[in-house]
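# A closer look at the structure
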Amino acid sequence: MTATRDHAPAPAAQDADYNFTPKQALAGAQMLFVAFGALVLVPLLTGLDASVALFTAGLGTLIFQIATRGQVPVFLASSFAFIAPIIHGVQTWGMAATTGGLAAAGLLYVLLSFAIRAFGTGFLHRLLPPVVVGPVIMVIGLSLAPVAVNMATGLAGETQVMPRSTALFLAAIALGTTMLTAILGRGIMRIVPILAGVAAGYAAALVWGAATGDSLVSFAALSGAPWFKVPGFVAPEFNLAAILFILPVAIAPAIEHFGDILAISNVTKRDYMEKPGIQNTMLGDGLATAAAGLLGGPPNTTYSEVTGAVTLTRAFNPAIMTWAALFAIALSFIGKLSGALATIPMPVMGGIMILLFGMVTVVGLSVLAKLGEALTQARNMVIVSTVLIIGLGGLTLQFGEGFTLAGIGLSGVAGLLLNLILPQER
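Values in this document were obtained by computation on a predicted structure and should not be read as measured data.

### Let's talk about the overall build of the protein
The number of helices and strands found in the protein is 19 helices and six strands. Whereas a compact globule of 426 residues would reach a radius of gyration of roughly 22 Å, the protein reaches 21 Å, a difference of no more than 12%. Across the 426 residues that make up the protein, the buried fraction comes to 54%. In the protein, the share of contacts with a sequence separation of at least 24, taken over all contacts with a separation of at least 6, comes to 83%. Carbon together with sulfur atoms contributes 68% to the accessible area of the protein, which is approximately 17800 Å² in total. Placing the 17 positive and 16 negative side-chain charges of the protein at their respective mean positions leaves the two points 8 Å apart.

Shown next, in the form of structure tokens:
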């Protein structure tokens with residue numbers, strides 16, 4: 001993909017210039033509300049601090065605005081693509097080493113931004129074509145399937161936290177509500193299906209508990225939380241094994257970044273690929289993700305649901321995202337908010353995860369669909385099948401002492417190498 005005027009939507013929207021005034025505060029709060037469900041979902045699923053995620057989302061958005069000179073109305077927050085490696089990384093190397101790997105992923109984006117300045121955008125698509133990116137994204141989604149099912153059935157490790165039938169009921173309520181809201185919702189409801197699903201599952205847990213006398217929601221975390229609390233920042237630790245495991249996961253969000261920038265360009269009728277340039281938007285994304293990792297937060301990415309809200313409200317002024325970022329930072333210091341999030345029953349989150357992780361897999365399929373009939377070519381089938389089986393089959397390679405490559409990381413490296421060394425068909 002080349003950043004040319006072919007992508008330029010015209011004429012440009014006149015109200016898409018940066019203009020920061022108190023009048024945008026309410027619109028900024030609404031944008032944060034749209035992003036809130038997905039923003040806090042990633043830390044809830046991975047064990048990261050939700051308050052840190054709020055802080056780094058706000059900080060990351062401000063960093064992005066500085067890098068792009070306040071020209072692009074997008075909000076950056078927790079990336080779903082990194083859920084699987086964060087869960088595995090925390091279990092294998094610990095929280096500090098995992099966040100160090102996440103910071104390294106941000107620096108990879110920064111390097112890509114400089115490479116785009118030097119070589120243009122075409123090299124990235126030659127290095128990482130759909131035949132590599134598609135199956136890697138599928139591995140990310142499919143590898144999380146057991147996690148989603150265990151949570152939906154109320155199983156935490158070896159402990160059954162609530163009866164299986166009750167857990168499945170709550171998961172089904174949350175999952176069904178999210179599905180129906182995404183399909184049938186109108187206006188703002190179509191943009192916040194995750195929030196609707198969580199709210200429905202939470203309400204069902206309260207009603208079920210009141211009817212049966214079995215408390216399914218514990219408010220201990222909420223009552224014990226202070227009103228003001230500094231987010232639980234985590235100092236990173238740079239572990240080579242953790243870094244090399246997480247880096248391949250950054251491939252998919254880097255490719256998706258192009259689509260996100262084109263999407264907001266089409267909404268505002270301004271060519272952000274040209275000005276401020278994809279190299280600067282990638283730089284902002286990378287610096288935001290690196291900052292998040294250095295503070296113990298999840299990697300940042302541009303939020304499509306916020307772009308949808310911009311489309312719906314026609315609120316093109318990038319200063320609105322500045323207000324959203326400031327509100328996110330302010331909320332991160334409210335301890336009661338983290339306590340309230342901790343009261344959400346695990347099966348409710350499990351029901352949401354079933355849909356989200358499946359959708360990640362579908363995104364990978366849609367990337368492969370771009371190949372069309374070329375997918376049946378022997379070379380492409382070899383690459384796709386190898387990446388999928390390595391990623392899902394549990395293959396692990398040991399290099400020296402203390403360094404292993406497995407799962408998503410190994411499948412990404414395998415796909416990259418196979419694409420480079422396998423000959424093209426005659």
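### Concerning the packing of aromatic side chains
Applying the stated criterion to the full structure yields seven aromatic pairs. Residues Phe-169 and Trp-208 carry aromatic rings whose centres are separated by 5.0 Å and whose planes lie at 40° to one another, so their mutual orientation is tilted. Here Phe-169, found in helix α8 (residues 164-184), pairs with Trp-208, found in helix α9 (residues 193-212); they are 39 residues apart in sequence, far enough to count as distant. Using a relative accessible area of 33% as the deciding quantity, one classes Phe-169 as partly exposed. For Trp-208, a relative accessible area of 31% translates into the label partly exposed. Taking the centre distance of 5.9 Å and the plane angle of 10° together, the rings of Phe-228 and Phe-333 count as stacked. Taken as a pair, Phe-228 in the loop between α10 (220-224) and α11 (240-246) and Phe-333 in the loop between α15 (319-331) and α16 (335-341) lie far apart in primary sequence, 105 residues in all. Under the relative-accessibility criterion, Phe-228 is labelled exposed at 60%. In this structure Phe-333 comes out as partly exposed when scored by relative accessible area, which is 24%. Three or more aromatic residues joined by ring pairs form one cluster here, namely Phe-55, Phe-228, Phe-233 and Phe-333. Across the ring face of Trp-227, the terminal group of Lys-336 is positioned such that the distance to the ring centre comes to 5.7 Å.

### Overview of the packing of helix α1 (residues 25-46) against helix α14 (residues 304-313)
Close contact between α1 and α14 brings their axes to 9 Å; oriented N to C, the two are set at 150°. With respect to α14, the axis of α1 lies roughly antiparallel. Here α1 runs over α14; the crossing is right-handed. Residues Gln-30, Met-31, Val-34, Ala-35 and Ala-38 of α1 touch α14, and the partners they reach there are Glu-305, Val-306, Ala-309, Val-310 and Thr-313.

### Quick notes on the side chain of Thr-281
Relative to the assigned elements, Thr-281 resides in helix α13 (residues 273-295). Assessed through its relative accessible area of 0%, Thr-281 is described here as buried. If we skip the residues at most four places from it in the chain, Thr-281 touches Phe-64, Thr-68, Val-72, His-257, Ile-261 and Pro-276.

### Some remarks on helix α2 (residues 50-67)
For an α-helix the count is 3.6 residues per turn, leaving residues at separations of three or four pointing the same way. Helix length check: α2, at 18 residues, gives a terminal C-alpha distance of 25 Å against a target of 26 Å (1.5 Å per residue), a fit within 8%. Most of α2 is tucked away: 14 of the 18 residues are buried. A side-chain oxygen of the first residue of α2 lies 2.7 Å from the backbone nitrogen of Ser-51; this N-cap is Asp-49. Count one or two residues on from α2 and you reach Arg-69, which has phi positive near 55°.

### What about helix α18 (residues 378-393)?
Its 16 residues give α18 an end-to-end C-alpha distance of 22 Å, which sits within 8% of 22 Å, the value for a rise of 1.5 Å per residue. All buried positions along α18 are accounted for by Arg-379, Asn-380, Ile-383, Val-384, Val-387, Leu-388, Ile-390 and Gly-391. Its buried side turned inward, α18 meets α6 (130-142), α17 (346-369) and α19 (407-421).

### Topic: the nonpolar core
Grouped together as the largest cluster of nonpolar side chains are 110 residues, with contacts concentrated most on Met-31, Leu-39, Phe-75, Phe-80 and Phe-82. Top element by residues in this core is α1. It accounts for 11 residues. Those residues in contact with Met-31, other than ones at most four positions away along the chain, are Val-306, Ala-309, Val-310, Thr-313, Ala-315, Ile-320, Met-321 and Ala-324.

### Details of the environment of Leu-124
Tracing the chain through its elements places Leu-124 in helix α5 (residues 122-127). Judged by relative accessible area, Leu-124 falls into the buried class, the value being 0%. In this structure the C-alpha to C-alpha distance between Leu-124 and Thr-281, which are 157 residues apart in sequence, comes to 15 Å. Those residues in contact with Leu-124 that lie beyond four places of it in its chain are Leu-112, Ile-255 and Phe-258.

### Structural notes on the packing of helix α7 (residues 145-152) against α17
At a minimum axis distance of 7 Å, the contact between α7 and α17 shows a crossing angle of 150°. As far as their axial angle goes, α17 and α7 are roughly antiparallel. Read as a crossing pair, α7 and α17 show a hand that is left-handed. In this structure, α7 uses Val-147, Ala-148, Met-151 and Ala-152 to contact α17, whose residues at the interface are Met-346, Pro-347, Met-349, Gly-350, Gly-351, Met-353, Ile-354 and Phe-357.

### Re a nonpolar patch on the surface
On the surface, Met-179, Leu-180, Ile-183 and Leu-184 cluster together into a nonpolar patch covering about 420 Å² of accessible area. Locating Met-179 in the fold gives a position in helix α8.

### Quick word on unusual backbone geometry
Most of the time, phi is negative for any residue but glycine, and the peptide bond is trans. Of note, the bond from Lys-275 into Pro-276 is cis; its omega dihedral lies within 30 degrees of zero at 10°. Of note, Pro-276 is situated in helix α13. Positive phi is not limited to glycine here, since Arg-69 has a value of about 55°. For Arg-69, the position within the fold is in the loop between α2 and β1 (76-78). Note on Arg-69: relative accessible area 53%, which makes it exposed.

Rules used in this analysis
Residues numbered from 1 in each chain as written. Predicted model: local features only at pLDDT ≥ 70, side-chain atom pairs only at ≥ 80, totals over all residues. Heavy atoms only, no water. Helix = DSSP H or I, 4+ residues; strand = E, 2+ residues; numbered from the N terminus. Rg over C-alpha atoms; globule rule 2.2 N^0.38 Å. Buried < 20%, exposed > 50% of the residue type's maximum accessible area, 1.4 Å probe, protein only. Contact = heavy atoms within 4.5 Å. Areas by Shrake-Rupley, 256 points an atom, 1.4 Å probe, with all protein chains shown as cover. Lys, Arg positive; Asp, Glu negative; His and termini not counted. Charge placed at Lys NZ, Arg CZ, Asp CG, Glu CD. Phe/Tyr/Trp six-rings, centres within 6.5 Å; stacked < 30°, edge-to-face > 60°. Lys NZ or Arg CZ within 6 Å of the ring centre and 35° of its normal. Axes fitted to C-alpha atoms, helices over the stretch in contact; angles between N-to-C directions. Parallel < 35°, antiparallel > 145°, perpendicular 65-115°, else oblique. Left-handed = near helix turned anticlockwise from the far one by under 90°. Expected span 1.5 Å × (residues − 1). Polar contact = N/O pair within 3.5 Å; in protein donor to acceptor, adjacent residues only side chain to side chain. Core = buried A, V, L, I, M, F, W, Y, C linked by side-chain atoms within 4.5 Å. Patch = residues over 30% accessible without salt bridge, like charges linked within 9 Å, V, L, I, M, F, W, Y side chains within 5 Å. Salt bridge = Lys/Arg side-chain N within 4 Å of Asp/Glu carboxyl O.

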